[in-house]
Amino acid sequence: MTDDQANRRPAGMAPRPGQWLVALPPTAFLLVFFAGPVLLLFAASFLAPGDFGGLAPVRQEGRWALTLDAYGFFFSDWIYAEIFLRSFVVAALTTVLCLVLGYPLALAIAQSPRRRRELLILLVVLPFASNFLIRTYAWIIVLGPMDLLYSPVAVIVGLVYVHLPFMILPLCINLEKHDPALLEAAQDLGAGVWTRFVRITLPLSMPGIRAGSALVFIPVLGMFAVPELLGGTRDILIGNLIKEQFLDNRDWPLGSTLSVLLTVAVLLLVGIAAWAGRPRESIS
Amino acid sequence: MSLLEIRNVTRRFGRLAAVDRVSLSVDAGEFFTLVGPSGCGKTTLLRMIAGFEEPDEGDLLLDGRPLAGIPPERRPVHTVFQSYALFPHMSVAENVAFPLQMAGTPARDIDGRVREALELVHLDDRAQHLPAQLSGGQKQRVALARALIGKPRLLLLDEPLAALDAKLREQITGELIALQRAVGISFVFVTHSQHEALALSHRLAVMNCGHVEQVGSPEEIYARPANRFVAGFIGTINLLPVEVREATPAALRLFAGGLGEIISTPQPGLCTGDRGTLALRPEQVRIIADGGDPMTENRARGSVRDCLYLGDVTVYRIAIAGGVVIEALLANRDPGVNRFLERDAPVIIGWARDSGVFLRD
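All of these numbers come straight from a predicted model, not from anything done at the bench. Within each chain, residue numbers correspond to sequence positions counted from 1 in written order. Written order determines the labels here, with chains lettered from A and ligands numbered from 1. Local features in this predicted model are restricted to residues whose pLDDT is 70 or higher, and side-chain atom pairs enter the listing and the counts only when it is 80 or higher, whereas totals over whole chains, interfaces and linings include all residues. Hydrogens and water molecules were not included; the side-chain quantities draw on all heavy atoms of the structure.

> Help me understand the pattern of salt bridges in this model?
Pairing between side chains of opposite charge can happen when their charged atoms approach one another. Residue and element names in this part refer to chain B. By convention in these notes, a salt bridge is any Lys or Arg side-chain nitrogen within 4 Å of a carboxyl oxygen on Asp or Glu. All chains considered together, the criterion is met by 25 salt bridges over all chains. Measuring nitrogen to oxygen at the nearest pair gives 3.0 Å for the salt bridge that ties Arg21 to Asp20. Arg275 is the salt-bridge partner of Glu243, the closest N and O atoms lying 3.4 Å from each other. With Glu243 in strand 11 (residues 238–247) and Arg275 in strand 14 (residues 275–280), the pair connects residues that are 32 residues apart, well separated along the chain. The secondary structure listing takes helices from DSSP runs of H or I that are at least 4 residues long and strands from runs of E that are at least 2 residues long, numbered from the N terminus.

Written as structure tokens, this is what we have:
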């Protein structure tokens, strides 16, 4: 059964009032602490920077106004577009590497006996028990002697290391639901081991691949700690750029503009991915 | 030469022998059934034929060639799984085309053969549907088409009807017989249902605890069960403990507590004093109201303990002296009229000398 089917509500079952009540606290939380700030950020991108940071209102002919200055600044210099592009390439590369490294491991975990499976999943999430910054610092010790520190390779290694569990876990959850009878049926009908993987396991794991890829790709785009600690001065990503505007340059409108543009780009990509991976049209 | 030879095959799981020294043969074009209670080893035997298990001892031969070491994907044997195992991300047509693609059939031939196979199971109008959009019976037919399209030497069916409701099961039973006749491929069918085994098979093997208890046609198995297990497993039967009084080529005289002397068909190799069981089908027992004459060699007086009205027949349980209870079956030829025997009514039961089989302990 695919994820879409599992989530489908049985026909003719209307949501009860109680369900809305239960959904109220998280909805309120998200409205106040997520939707609100996003709107503030959006508004800030149309304002001017204050003299000592913060935001300054824009006055034109004595009236309140909005300005596209920050957007103009972004599009005036190719360096920003280049950082955007590089960030997407780094995020894509990290995602692909996580997938290539994580898939065999997820498959091995999903196919191992139940008790060992629990142990292996525990091992996958065990790094979360120590602080992410400390683990990234540890890579300095590892990569330093190898002469890889402060290079794009170090950034990719660090990003893959940090995000690998986010690829493995959704893949595991998907792969352990596969009916082993399907592989037996394919084998019975003449499929060798590689064909069984390509024709059965891989297509059925697409929801897991999509979920894992989203969980890796999107956070990597906003990541600034790993490039800052492991990368050179030329290895900065959008995350670093945004952080710089808010903390170092004190140009909040530009920082907000970069955030808005990043969000729009991610939404576009997710939209395209969702459209490309939509469930098959069925005839009824 | 038979198509499939199973020679002295044993398969152990730990210390338990799931299949214990089984020898069987299946002929070309035959509908062969393995029937037995769950855990009797029938599915393990099927999985060994498919190649998912290897025997610990013994040999499997297909067309005279040993199957040992040949993986499932290279055996000309296809399986209809109990859960059907249809590929959920492929349409009906893609599912059915799968074995042809695996066999390297040219793409231009595949469409036509898929259409033929779907017509064979009356699903040509469902080719573009996904398995999730099909009913249980339709899924079952897709699984059949998919397993048959590659023209295997042998088709294995692992309880394919178990997941269907009774009415559909009956209908598909009929379709299976017609289908097997149409394609001419040997079927090895695994079931725990004696009804399916009797209705479908040319021959069946009754299995228990890893052993084959009896092999034969449905008529042979039903009318002449080889032992108490087969007698009790296939159909319902009265099992009466008896002792041989006199065994001559002319007649077999038995003695049973409560019933007295019983005359039965002679069997070679029996001596006075041998203990055993008389197996008597309920439909072989005549039952009439007290005072009548059942016109049979064997008879006994008793009373109706209870009766079970099943529509087409009524099952009476008759209490005889000495605590013996005999089940008798009465066809309701005129429904509504024939239910004449009340509880505790005195009756006479009787059965012919050639009814019933003596089974030695």
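> Before we go on, may I ask you to explain the sheet that holds strand 3 (residues 31–35) of chain B in this structure?
Two modes of strand pairing occur in sheets, parallel and antiparallel, and in both the strands are linked by backbone hydrogen bonds. Residue and element names in this part refer to chain B. A strand pair is defined by DSSP finding two or more bridges across the two strands. One open sheet accounts for six strands, arranged 6-7-8-3-9-10; its pairing is mixed. Of all the strands in the sheet, the pair left with one neighbour each is strand 6 (77–80) and strand 10 (211–216). With direction set aside, neighbouring strand axes in the sheet form an average angle of 20 degrees. As judged from the four bridges shared by strand 6 and strand 7 (residues 154–158), these two strands associate in the parallel manner. Residue pairing for strand 7: Thr79 is matched across the bridge by Leu156. Packing of helix 5 (residues 166–183) onto the sheet brings it into contact with strand 3, strand 7 and strand 8 (186–191), and relative to strand 8 it is tilted by some 155 degrees. Lines fitted to C-alpha atoms define the axes, with helix axes restricted to the stretch in contact, and inter-axis angles between N-to-C directions lie between 0 and 180 degrees. By definition in these notes, contact holds between two residues if any of their heavy atoms fall within 4.5 Å.

> So what exactly am I meant to see when it comes to the interface of chain B and chain A here?
Many authors give the size of an interface as the accessible area that is lost as the parts come together. In this assembly, 29 residues from chain B lie in contact with 23 residues from chain A. Accessible surface is computed with a 1.4 Å probe, and the buried area is the amount of it that two parts give up when combined, taken over both parts together. For the pair chain B and chain A, the summed buried surface comes to about 2200 Å²; carbon and sulfur atoms form 60% of the total. Three residues stand out in chain B for area buried against chain A, namely Glu73(B), His89(B) and Met102(B), and they jointly supply 26% of the buried area on that side. Here chain B is connected to chain A by two salt bridges. Note that Glu184(A) is salt-bridged to Arg47(B), the shortest N-O span being 2.7 Å.

> I would appreciate a short explanation of the domain arrangement of chain B in the present structure.
All names here are of chain B. Domain boundaries assigned for chain B yield domain 1 (4–232) and domain 2 (238–360). What counts as a domain boundary in this text is fixed by an automatic or database domain assignment. Taking only C-alpha atoms into account, the centre of domain 1 sits 39 Å from that of domain 2. Opposite the nine residues of domain 1 that make contact, domain 2 presents seven residues. Regarding the contact of domain 1 and domain 2, the summed buried area is about 690 Å², with carbon and sulfur atoms giving 55% of it. Linking domain 1 with domain 2 are zero salt bridges, by the criterion used here. We define a polar contact as two N or O atoms separated by no more than 3.5 Å, with the added condition that, inside protein, one atom must be a possible hydrogen donor and the other a possible acceptor, whereas residues neighbouring each other in sequence contribute only through side-chain atom pairs. Applying the counting rule to domain 1 against domain 2 returns three residue pairs in polar contact (both at pLDDT 80 or more).

> Sorry if this is basic, but what is going on with the layout of surface pockets here?
Summary: where empty space remains is shown by rolling a probe the size of a single water molecule over the atoms. Residues and elements named next belong to chain A. The distinction between a cavity and a pocket rests on a 1 Å grid over the protein atoms alone: a 1.4 Å probe fits inside a cavity but cannot get out, while a pocket stays open yet meets protein on both sides within 12 Å along at least five of seven lines, and a residue with an atom within 4 Å of a point counts as lining. Grid points are joined across faces, edges and corners, and a volume is the space filled by probe spheres set on the points. Computed from the structure, the second largest pocket encloses a volume of approximately 360 Å³. Around the second largest pocket, the lining comprises 16 residues; the ones closest to its centre are Ser213, Ala214, Leu269, Val270 and Ala273. Taken together, the elements giving at least two residues each to the lining of the second largest pocket come down to helix 4 (78–111), helix 10 (206–222) and helix 13 (252–276). Among the elements that line the lining of the second largest pocket, the one with the most residues is helix 13, at seven residues. Residue composition of the lining of the second largest pocket, by class: twelve nonpolar, three polar and one charged. Amino acid classes used here: Ala, Val, Leu, Ile, Met, Phe, Trp, Tyr, Cys and Pro are nonpolar; Asp, Glu, Lys and Arg are charged; the rest, including Gly, are polar.

> Please explain the nonpolar core as it appears in this structure.
In these notes, a set of buried Ala, Val, Leu, Ile, Met, Phe, Trp, Tyr and Cys residues joined through side-chain atoms within 4.5 Å is what counts as a nonpolar core. Here's how the labels work: a residue is buried when its accessible area is under 20% of the maximum for its type, exposed when over 50%, partly exposed in between, all with a 1.4 Å probe on protein chains only. Residues Phe84(A), Leu159(A) and Leu221(A) are the most contacted members of the largest nonpolar core, which totals 52 residues. Among the elements of the structure, helix 3 (69–76), helix 4, helix 7 (152–175), helix 10, helix 11 (225–230), helix 12 (238–248) and helix 13 of chain A are those that each provide at least two residues to this core. When residues in this core are grouped by element, the largest group, twelve residues, is from helix 4 of chain A. In this view, Phe84(A) contacts Phe74(A), Ile238(A), Leu258(A), Leu261(A) and Leu262(A); residues no more than four positions away in its chain are not counted. One finds Leu189(A), Val22(B), Cys40(B) and Ala50(B) within the second-largest nonpolar core, a separate group that totals 40 residues.

> How do you make sense of the pairing of strand 4 (residues 57–62) of chain B when you look at a structure like this?
The side chains of a regular strand alternate between both faces of the sheet. Residue and element names in this part refer to chain B. Direction of pairing for strand 1 (residues 4–13) relative to strand 4: antiparallel, over a ladder of five bridges. Within strand 4, the position partnered with Leu4 by the bridge is Leu62. Of the pairings in the sheet, the one linking strand 4 to strand 5 (residues 65–66) comprises two bridges and is antiparallel in character. Residue pairing across strands places Leu62 opposite Arg65, the latter belonging to strand 5. Between the end of strand 4 and the start of strand 5, which pair antiparallel, lie two residues, with Asp63 showing a positive phi angle near 55 degrees.

> Explanation requested: the side chain of Asn332(B) in the structure shown.
All names here are of chain B. Mapped onto the secondary structure, Asn332 falls in the loop between strand 18 (325–331) and strand 19 (346–351). Its relative accessible area of 9% is what places Asn332 among the buried residues. A polar contact is formed between the side chain of Asn332 and the backbone oxygen of Gly311, at a distance of 3.0 Å. A distance of 3.0 Å separates polar atoms of two side chains, one belonging to Asn332 and the other to Thr314.

> Help me understand the pairing of strand 8 of chain B, please; the structure alone is not making it clear to me.
Residues and elements named next belong to chain B. For strand 8, a buried count of six out of six residues is recorded, marking the element as mostly surrounded by other parts of the structure. A two-sided burial pattern is seen for strand 8, the buried positions comprising Ser186, Val188 and Val190 on one face and Phe187, Phe189 and Thr191 on the other. Note: strand 3 against strand 8, five bridges, orientation parallel. Bridge pairing links Phe32 to Val188 in strand 8. Taken together, the five bridges between strand 7 and strand 8 define a ladder with parallel strand orientation. The partner of Leu156 across the bridge, within strand 8, is Val188.

> Is there a simple way to explain the confidence of the model for chain A in this structure?
Regions with low pLDDT should not have their predicted coordinates read in detail. Note: pLDDT gives the predictor's confidence per residue, expressed from 0 to 100. Looking at chain A, the pLDDT average stands at 88 and 93% of residues meet or exceed 70. When the elements of chain A are averaged for pLDDT, helix 1 (residues 3–7) of chain A gives the smallest value, 45, and helix 9 (residues 193–204) of chain A the largest, 97.

> Any chance you could explain the packing of aromatic side chains here in plain terms?
Two aromatic rings, taken as a pair, are described by how far apart their centres are and by the angle between their planes. All names here are of chain A. Aromatic contacts are taken between Phe, Tyr and Trp rings whose centres are within 6.5 Å, Trp giving its six-membered ring; a plane angle under 30 degrees counts as stacked, one over 60 as edge-to-face, and the others as tilted. All told, the structure shown has 18 aromatic pairs over all chains when counted by the stated rule. Ring geometry for Phe29 against Phe33: centres 5.0 Å apart, planes inclined by 45 degrees, an arrangement best described as tilted. Residue Phe29 and its partner Phe33 are both found in helix 2 (residues 17–44); the two are separated by four residues, about one turn of the helix. We classify Phe33 as exposed; its relative accessible area is 56%. Residues Phe74 and Phe75 carry aromatic rings whose centres are separated by 4.9 Å and whose planes lie at 85 degrees to one another, so their mutual orientation is edge-to-face.

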